[in-house]
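If you want the building blocks of each chain, they are given just below.
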Amino acid sequence: MTQQITITRPDDWHLHLRDGAALHTVVPHTAAQFGRAIVMPNLKPPVTTAEQALAYKQRILAAVPPGMSFEPLMTLYLTDNLPPEEIARAKAAGVVAVKLYPAGATTNSDAGVTDLRKTYQTLEAMQREGMLLLVHGEVTDPAIDLFDREAVFIEQQLAPLRRDFPELKIVMEHITTQEAAQYVAEADQFLGATITAHHLLYNRNALFTGGIRPHYYCLPVLKRETHRQALVAAAISGNARFFLGTDSAPHPAHLKEHATGCAGCYTAHAAIEMYAEAFDAAGALDQLEAFASFNGPDFYNLPRNTGRITLRKESWTPPASFAFGEAELKPLRAGEALPWKLV
Ligand SMILES: NC(=O)N[C@@H](CC(=O)O)C(=O)O
Ligand SMILES: [Zn+2]
Ligand SMILES: [Zn+2]
């Protein structure tokens with residue numbers, strides 16, 4: 001039985017850091033594990049210009065503890081009227097991707113896209129400039145069952161989009177279904193997907209065990225066990241177009257433990273440990289390094305990290321909560337023991 005593994009320092013290809021005082025809680029957690037992270041732009045108001053992205057990057061860097069090295073990779077938020085000219089400016093500023101939130105699909109998506117056709121000139125510019133498109137892949141039609149929204153998005157939105165922009169690099173973020181895993185596996189080199197630790201570890205029963213459990217609520221919502229198994233199979237398959245993206249999404253505890261609790265699970269405090277747990281449970285620890293440290297940079301055409309990290313099979317219990325500005329932040333599995341520990 002493997003008791004310890006050393007892998008190339010991983011990166012997080014889907015992360016929410018928020019802004020202001022929150023940065024001082026969450027940035028150190030991510031910087032302790034990951035070399036880089038793709039920082040989501042769904043602030044209030046959203047990050048829609050190269051200039052805003054650069055200013056946000058400086059605020060993030062100011063929250064990196066001394067002695068730690070961490071590179072935030074910045075993104076812009078796609079709206080119905082993000083000007084195509086902003087893409088070249090963003091590219092020059094080092095922005096690596098643009099994020100599509102269908103309007104109303106998830107946390108802070110009100111400014112998102114109401115009709116993909118309105119964004120076609122901007123997508124054209126992205127395809128030309130080699131700017132990636134990151135996708136929250138759920139339809140918002142209230143007539144579609146919440147658990148089917150990802151599969152319907154693939155059929156109604158993603159397939160036509162890929163036909164119209166065959167050389168636009170797209171990442172389907174936080175996939176949660178067998179349909180998405182299969183669709184990505186069968187696609188060409190222009191389509192990749194991130195998978196979260198919580199979607200590898202849990203099925204939708206976790207939301208209702210002994211009562212309603214708001215800290216397991218995120219979007220896309222956890223699915224049934226067959227889908228979890230399909231995600232694990234994709235993650236350990238060796239297919240280089242599946243890679244690590246935590247979707248760690250901090251919310252104040254009082255807004256998660258609420259009549260209309262916010263969507264988002266906080267996992268950055270123990271992310272690589274939870275992935276190790278999932279890969280270990282599948283007997284596939286030997287696949288963790290490719291998924292966590294190689295496939296992401298390869299897809300983004302960025303160099304792999306050179307440092308290394310070591311994980312040991314040693315039970316530890318993360319804190320039940322963290323200070324979060326004036327509020328409290330409760331991580332996923334607060335106060336529960338985890339089997340793997342970052343050394
Ligand atoms: N995943 C979530 O449930 N929430 C994310 C938004 C997102 O990634 O959809 C958030 O910003 O809180
Ligand atoms: Zn999302
Ligand atoms: Zn997210």
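Residues numbered from 1 in each chain as written. Chains lettered and ligands numbered in written order. Predicted model: local features only at pLDDT ≥ 70, side-chain atom pairs only at ≥ 80, totals over all residues. Heavy atoms only, no water.

As for the site of ligand 1
For step 1, the next point in the chain: Every one of the 15 residues lining ligand 1 counts as a neighbour, but Arg-18, Asn-42, Thr-106, Leu-219 and Asp-247 are closest to it.
For step 2, the next point in the chain: Arg-18 is positioned such that a nitrogen or oxygen atom in its side chain is 2.8 Å from an oxygen atom of ligand 1.
For step 3, the next point in the chain: A distance of 3.2 Å separates an oxygen atom of ligand 1 from a polar atom in the side chain of Thr-107.
For step 4, the next point in the chain: Considered on its own, ligand 1 offers 320 Å² of accessible surface; in the complex 100% of this is hidden by protein.
For step 5, the next point in the chain: Partitioning the shell around ligand 1 into residue classes produces four nonpolar, nine polar and two charged. (Near = heavy atom within 4 Å. Polar contact = N/O pair within 3.5 Å; in protein donor to acceptor, adjacent residues only side chain to side chain. Areas by Shrake-Rupley, 256 points an atom, 1.4 Å probe, with all protein chains shown as cover. Nonpolar A, V, L, I, M, F, W, Y, C, P; charged D, E, K, R; others polar.)

Quick notes on the UniProt feature "binding site: Zn(2+) 2" (unreviewed entry) in the protein chain
For step 1, the next point in the chain: Within this numbering scheme, the UniProt entry marks Lys-99, His-136 and His-174 as carrying the feature "binding site: Zn(2+) 2" (unreviewed entry). In terms of the greatest pairwise C-alpha distance, the residues named above, spread along 76 residues, form a tight cluster of at most 12.8 Å across.
For step 2, the next point in the chain: For Lys-99, the location among the structural elements is in strand S5 (residues 97–100).
For step 3, the next point in the chain: Residue Lys-99 is classed as buried on the basis of its relative accessible area, which comes to 1%.
For step 4, the next point in the chain: In contact with Lys-99, other than residues within four places in its own chain, are His-14, Met-40, Pro-41, Leu-76, Tyr-77, Leu-78, Leu-134, Val-135, His-136 and Glu-173.
For step 5, the next point in the chain: For His-136, the position within the fold is in the loop between strand S6 (132–135) and helix H5 (149–164).
For step 6, the next point in the chain: The exposure class of His-136 is buried, given its relative accessible area of 1%.
For step 7, the next point in the chain: Look past the residues within four positions of His-136 in its chain and what remains in contact with it is Lys-99, Leu-100, Tyr-101, Pro-102, Ala-105, Thr-106, Phe-153, His-174, Leu-219 and Pro-220.
For step 8, the next point in the chain: Of the polar contacts made by the side chain of His-136, one reaches the side chain of Glu-138; its length is 2.8 Å. (UniProt positions renumbered as here; feature names shortened; annotations may be inferred. Helix = DSSP H or I, 4+ residues; strand = E, 2+ residues; numbered from the N terminus. Buried < 20%, exposed > 50% of the residue type's maximum accessible area, 1.4 Å probe, protein only. Contact = heavy atoms within 4.5 Å.)

Concerning the UniProt feature "binding site: Zn(2+) 1" (unreviewed entry) in the protein chain
For step 1, the next point in the chain: When the UniProt feature table is mapped to this numbering, "binding site: Zn(2+) 1" (unreviewed entry) covers His-14, His-16, Lys-99 and Asp-247. What stands out for the annotated residues spanning 234 residues is how close their C-alpha atoms remain, the widest pair being 13.2 Å apart.
For step 2, the next point in the chain: Looking at the element boundaries, His-14 is found in strand S2 (residues 12–15).
For step 3, the next point in the chain: We classify His-14 as buried; its relative accessible area is 1%.
For step 4, the next point in the chain: Non-local contacts of His-14, meaning those with residues more than four positions away in its chain, are made with Ile-38, Met-40, Lys-99, Glu-173, His-174, Thr-194, Gly-245, Thr-246, Asp-247 and Ser-248.
For step 5, the next point in the chain: Within the structure, His-14 has its side chain in polar contact with the side chain of His-16 (distance 3.3 Å).
For step 6, the next point in the chain: Among the structural elements, His-16 can be located in the loop between S2 and helix H1 (23–33).
For step 7, the next point in the chain: Using a relative accessible area of 7% as the deciding quantity, one classes His-16 as buried.

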